[in-house]
There are 2 protein chains.
Amino acid sequence: MTESLVIDNIGSLITNDPTVGRGALGIIENASLVITDGAVEAMGPAGANGDTRIDAKGGCVLPGFVDSHTHLVFAGDRAEEFTARMAGEPYDGGGIRVTTDATRATPTDELHRLVRLRLAEAHRAGTTTIEIKSGYGLNVTDEARSLEVAEHYTTETTFLGAHLLPSEYEGRADDYIELVCNEMLTASAPHAKWIDAFCEEGAFDEDQSRAVLEAGRAAGLGLRLHGNQLGTGAGVQLAVECGCASVDHCTHLTDADIEALAGSDTVATFLPAADFSTRQPYPDARRVIDAGATVALASNCNPGSSYTTSISFCIAIAVREMHMTIDEAIQAVTLGGAAALQRTDIGHLTPGASGHAVILAAPSHHHLAYRPGVPLIRQTIGPLGAFV
Amino acid sequence: MTESLVIDNIGSLITNDPTVGRGALGIIENASLVITDGAVEAMGPAGANGDTRIDAKGGCVLPGFVDSHTHLVFAGDRAEEFTARMAGEPYDGGGIRVTTDATRATPTDELHRLVRLRLAEAHRAGTTTIEIKSGYGLNVTDEARSLEVAEHYTTETTFLGAHLLPSEYEGRADDYIELVCNEMLTASAPHAKWIDAFCEEGAFDEDQSRAVLEAGRAAGLGLRLHGNQLGTGAGVQLAVECGCASVDHCTHLTDADIEALAGSDTVATFLPAADFSTRQPYPDARRVIDAGATVALASNCNPGSSYTTSISFCIAIAVREMHMTIDEAIQAVTLGGAAALQRTDIGHLTPGASGHAVILAAPSHHHLAYRPGVPLIRQTIGPLGAFV
């Protein structure tokens, strides 16, 4: 039996298809959106019929946000570390070990409960597709366990055993990478779509990161990389060399990095809420975009460097601090996030696409930057259980 | 008949009284708060009794936020101006005329509807006391009308006829100030508690601003001033000279300004969301605080330079960008706002104070900065109709 849902009385509908509407975002005014069995059937003028009708009350409707970078499986928080950092302590990622200890010590059903709370919060904030990484287990059992939790909620699961060296491997980074690439990968790969590594001074170097990516590729996983968060380094160029779907952070880029991104299919994913919460400078998004690279914005939700699920906050910061236009920021959290996950079924609202949408309590998408801090997401369409 | 409300199972209760709890914020852990007939009766350990019980579920409870600077009576929005500014257009306050035209053209019942929507949004975001200025009428009828609307919702109403020179007075600023100080003041004063002026290059100069403040004082109004938003100028020192309750913005301060503030009872009110949305530098809050001045943080909610009602957003920006500690930021939106309105009954939760409180979906007040963009206000206590 087919079930149709009509979102009617839409003030402005962002389709992300410039062939069907105005501008790069393909905006249709005074529109309706028909979603049948979870997929977009049609966009049209206001007044369409369907089994269920939602009144957008003149608000803007956008594709549901695609948050392509989160670390939702964790226990505990690090509010004290944040407060100390704001008082002048530097950020070096070392606090990851605190979360690893807490996560290892937490029963699986409690991890499920915590992840569900965070997913509900993200969903209320407009996110309809989410990537979830492991990386707070850092041993065979707990990495696999974290991914088993994550795969209950999303198909976009990422094995990040190479997040940071666990304290029990202090001084033996190559031994740990050996474990990640073999036993830990074997246990984790059945529950993961992607593999990732943190290629950064203080985490893992270029050769170690390459070894992880190559092992993941051999195990059938897609590739992504953390890089260039705290300084320039090998990350971006390694990601491009390996054909990663995305390289994430990109806060510190050289001309050569930008050139490499522009000549590749690797998406540059900015995580400005992390730069906010670690008081890093913001990435130079303008140069990356103007060079022709594809960009995404994601929350990086995690308890150490970026404890937010708010894509609206990321948009506002990207516009104010990174000089992205509002249209570019909207594309980056929809089409950009989809590209970073190599998905073509999400991030746009055109016939056949997933019927994941956000209804704003505001007449235009500009308000997401114009009204910082105001929770403007009136309703998120795309059931919480279907976080795929 | 007395009615008592108990907020129970409070993880951490911010009383703002260091004699009853830990630290400058006077924090009591595992607490309850008893509110009788709208006033705080007692704070104590969890488990108190009352007619109505609200379970804080281990969350943090704070005094309701005091937003001491808003311009809520207006029609229309200026999203396009914001977008143009983010693309490089400078901000000079000139867009105030756009809002004036829209506000003058809007029927009074529609202005009421718009103000109520914004108050409801602010209340959901934790604000329990709000100041509302006129300033988009800029003629005798519409300034008085704006204040008549505002006084339905708050006792903290401010006559801001000297917001900007209306276009019909182009080249005749002194004539307009004459109008403000006489006929407009006479019509407005019955509906206002405060008088305010925008003392800034491009708005009104020192002598004009002083004339407005003195006329207001003679009419029995309390004094406040906008100053030092877009550059250094006479604002802060004029405010101190006149004994204003608060001087608002304080984005550009000289050493002499800071010295004047520190030696006065005038509160320095920072409006960082305006600096965010106009891409101004942020005020040097550290120097002001370290010099010993009293500071407040407010939203400056208005459609041109700061279209937010989110005090949480202001806290996060104040911590990240202005290097205020989280405790200082919390004080600035509670006790600081109260001081800026010369109120002693709000901004703290001690016996006899107004029973206005915010319950967070978070265990500590640190989360208001640690979790930027996340709507953490679970419930606001203090009825919307009692916005006083």
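Residues numbered from 1 in each chain as written. Chains lettered and ligands numbered in written order. Predicted model: local features only at pLDDT ≥ 70, side-chain atom pairs only at ≥ 80, totals over all residues. Heavy atoms only, no water.

### Observations concerning the sheet that holds strand β12 (residues 246-249) of chain A
Residue and element names in this part refer to chain A. Under the convention used in this document: Should DSSP find at least two bridges between two strands, the strands are regarded as paired. Helix and strand assignments follow DSSP, with helices taken as H or I runs no shorter than four residues and strands as E runs no shorter than two, numbered in order from the N terminus.
The parallel open sheet is built from seven strands, whose spatial order is β8-β9-β10-β11-β12-β13-β14. Across the chains shown, the open sheet's two edge strands, defined by having one partner strand only, are β8 (132-133) and β14 (295-297). Two strands pair when backbone bridges link them, and β12 and strand β13 (residues 267-270) are joined in this way by three bridges, in the parallel orientation. Bridge assignment links V247 to a residue of β13, and that residue is A268.

### Examining the relation of the copies chain A and chain B
Operational definition: Alignment of the copies relies on least squares applied to C-alpha atoms, considering only residues that score at least 70 for pLDDT in both. Residue contacts follow a heavy-atom distance rule, with two residues in contact if any of their heavy atoms lie within 4.5 Å.
Least-squares fitting of chain A to chain B yields an RMSD of 0.0 Å, with the transformation described by 0.0 Å of translation along the axis and a rotation of 180 degrees. Expressed as a symmetry operation, the mapping of one chain copy onto the other fits a two-fold axis. The C-alpha atom lying nearest the rotation axis in chain A is that of A:G373; the distance is 2.6 Å. Taken together, the interface assignments show that 100% of the residues at the interface of chain A recur at the interface of chain B, consistent with an identical surface on both copies.

### Points about the environment of A:H365
Residue and element names in this part refer to chain A. This is how the line gets drawn: Between buried and exposed lies partly exposed: a residue is buried under 20% and exposed over 50% of the maximum accessible area for its type, with that area taken using a 1.4 Å probe on protein chains only. Two N or O atoms count as a polar contact when they lie within 3.5 Å, although within protein this holds only if one can serve as hydrogen donor and the other as acceptor, and sequence-adjacent residues are included solely when both atoms are side-chain atoms.
As for its placement among the helices and strands, H365 is situated in the loop between β15 (357-360) and α14 (367-370). In this structure H365 comes out as buried when scored by relative accessible area, which is 3%. Sequence-wise, H365 and I330 are 35 residues apart; in three dimensions their C-alpha atoms are separated by 7.7 Å. Here H365 is in contact with I14, L25, I27, C60, L62, I326, D327, I330 and L360, once residues within four sequence places are set aside. A distance of 2.8 Å separates a polar atom in the side chain of H365 from a polar atom in the side chain of D327.

### Remarks on the domain arrangement of chain A
Residue and element names in this part refer to chain A. Put simply, the rule reads: Each domain span listed reflects an automatic or database assignment of domains. Each of two parts loses accessible area, computed with a 1.4 Å probe, when they are put together; buried area is these two losses added. In the sections that follow, a salt bridge refers to a side-chain nitrogen of Lys or Arg positioned within 4 Å of a carboxyl oxygen of Asp or Glu.
Here the domain parsing of chain A yields domain 1 (4-64 + 348-387) and domain 2 (65-340). Domain 1 and domain 2 are separated by 29 Å when their C-alpha centres are compared. Residue-level contacts link 23 residues of domain 1 with 25 residues of domain 2. For the pairing of domain 1 and domain 2, the buried interface totals around 2000 Å² over both sides, and the portion due to carbon and sulfur atoms is 67%. At the surface where domain 1 touches domain 2, the tally comes to zero salt bridges. Our enumeration of links across domain 1 and domain 2 arrives at five residue pairs in polar contact (both at pLDDT 80 or more). Going through the elements one at a time, β5 (60-63), α14 and β16 (377-381) are the ones with two or more residues in the side of domain 1 that touches domain 2.

### Here we look at the interface of chain A and chain B
Each partner contributes residues to the interface: chain A has 36 residues there, and chain B has 36 residues. Counting the surface lost from both chain A and chain B, the interface buries some 3300 Å², and carbon and sulfur atoms represent 60% of this. For chain A, the biggest contributors to the area lost against chain B are A:Y307, A:R320 and A:Y370; these three give 25% of the whole. The interface formed by chain A and chain B contains two salt bridges. For the salt bridge of B:E121 with A:R371, the shortest nitrogen-to-oxygen distance reads 2.7 Å.

### Considering the state of the cysteines
For clarity, the threshold we go by: Disulfide assignment relies on a single distance test, namely cysteine sulfur atoms paired within 2.5 Å.
Within this structure, the stated rule accounts for zero disulfides over all chains. A disulfide-free cysteine, A:C181 has its sulfur positioned 12 Å from the sulfur of A:C242, the nearest such atom. By relative accessible area, which is 18% here, A:C181 ends up buried. A disulfide-free cysteine, B:C199 has its sulfur positioned 9.7 Å from the sulfur of B:C242, the nearest such atom.

### Some words on unusual backbone geometry
Residues apart from glycine generally show negative phi values, whereas peptide bonds are mostly found in trans. You will see that A:N9, though not glycine, has its phi angle at about 60 degrees, which is positive. When you line up the elements, A:N9 lands in strand β1 (residues 4-14). Using a relative accessible area of 34% as the deciding quantity, one classes A:N9 as partly exposed. Located in the positive-phi region is B:D37, a residue other than glycine, with phi close to 45 degrees. By the element assignment, B:D37 lies in the loop between β2 (27-36) and β3 (39-45).

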